[in-house]
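Topology and contacts: notes
Chain by chain, the residues run as shown.
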Amino acid sequence: MDHVEIAVKITQTARLDAAYLYLSAEDVARLCILLQRDPTAGRKDGNGHFRLDWRGCVAKYMMRIGPEDRITVYLMRILPKRKPPRNLTQARQAVTEIALEAIKKKVLDLLD
């Protein structure tokens, strides 16, 4: 295997996602170059797609290995990253209360 040809194809949905996320053509080109250099850069999910965290976005793509040492990477979607909740103090308080209740119940069960 001397030469492997890697092609990147962008779906129309990914183009619309890029426009929605205000990504320039240069940004999309850089993402395509990254996928062309290393198609295995992302993590594989349960649906057979790969997900790559990139510049505040998640690129969803899949690979097809064809004949004659040719790999085609299909860029399916460019999604915004999910943001953590704004107010983590409420989440911390809720977890603390749940943990305290679990400990109290365990102690009461041991005492009975």
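Right, let's walk through the structure included here. Small disclaimer: the values here were computed from a predicted structure and weren't measured.

Calculation criteria
- Residues numbered from 1 in each chain as written.
- Predicted model: local features only at pLDDT ≥ 70, side-chain atom pairs only at ≥ 80, totals over all residues.
- Heavy atoms only, no water.
- Patch = residues over 30% accessible without salt bridge, like charges linked within 9 Å, V, L, I, M, F, W, Y side chains within 5 Å.
- Areas by Shrake-Rupley, 256 points an atom, 1.4 Å probe, with all protein chains shown as cover.
- Salt bridge = Lys/Arg side-chain N within 4 Å of Asp/Glu carboxyl O.
- Helix = DSSP H or I, 4+ residues; strand = E, 2+ residues; numbered from the N terminus.
- Core = buried A, V, L, I, M, F, W, Y, C linked by side-chain atoms within 4.5 Å.
- Buried < 20%, exposed > 50% of the residue type's maximum accessible area, 1.4 Å probe, protein only.
- Contact = heavy atoms within 4.5 Å.
- Pairing = 2+ DSSP bridges.
- Axes fitted to C-alpha atoms, helices over the stretch in contact; angles between N-to-C directions.

Another point: a nonpolar patch on the surface. On the surface, a nonpolar cluster with roughly 500 Å² of combined accessible area is contributed by L100, I103, V107, L108 and L111. Positionally, I103 belongs in helix α3 (residues 88–111).

For the rest of this paragraph, the subject is the nonpolar core. Within the largest apolar cluster, 18 residues are counted, with the highest numbers of intra-cluster contacts made by L31, L35, L52, Y61, L75 and I78. Elements supplying a minimum of two residues to this core: α1 (12–20), α2 (25–37), β3 (50–54), β4 (57–66) and β5 (70–80). Those residues within four positions of Y61 in sequence are excluded, and the remaining contacts are L35, P39, T40, A41, G42, H49, F50, L52, V73, Y74, L75 and M76.

Taken together, the five strands give an open sheet; going across it, the order is β1-β5-β4-β3-β2, and neighbouring strands pair in mixed fashion. One side of each edge strand has no neighbouring strand; the edge strands of this open sheet are β1 (5–10) and β2 (43–44). Direction of pairing for β4 relative to β5: antiparallel, over a ladder of 10 bridges. Of the residues in β5, the one forming a bridge with Y61 is L75. Against the sheet, α1 engages β1 and β5, with an angle of about 40° to β5.

This part takes up the environment of D27. Topologically, D27 is positioned in helix α2. Separated by 14 residues in sequence, D27 and A41 have C-alpha atoms that sit 17 Å apart. Setting aside residues no more than four positions away along its own chain, D27 makes contact with W54 and R55.

Once that is clear, we can look at the side chain of D17. Mapped onto the elements, D17 comes out in helix α1. You can call D17 buried: its relative accessible area is 10%. Each residue touching D17, except ones within four places of it in the same chain, is listed here: R77, I78 and L79.

With that out of the way, let us pick up the pattern of salt bridges. All told, the structure shown has six salt bridges when counted by the stated rule. Across the pair D53 and R43 runs a salt bridge, and its minimum N-O distance is 3.6 Å. In this pair, D53 sits in strand β3 while R43 sits in strand β2, placing the two residues 10 residues apart along the sequence. When its relative accessible area of 41% is taken as the criterion, D53 is described as partly exposed.

The phi angle at R55 is positive, at roughly 50°, despite the residue not being glycine. Its location among the elements puts R55 in the loop between β3 and β4. The residue E68 is not glycine, and still its phi comes out positive at about 60°. Relative to the helices and strands, E68 is located in the loop between β4 and β5.

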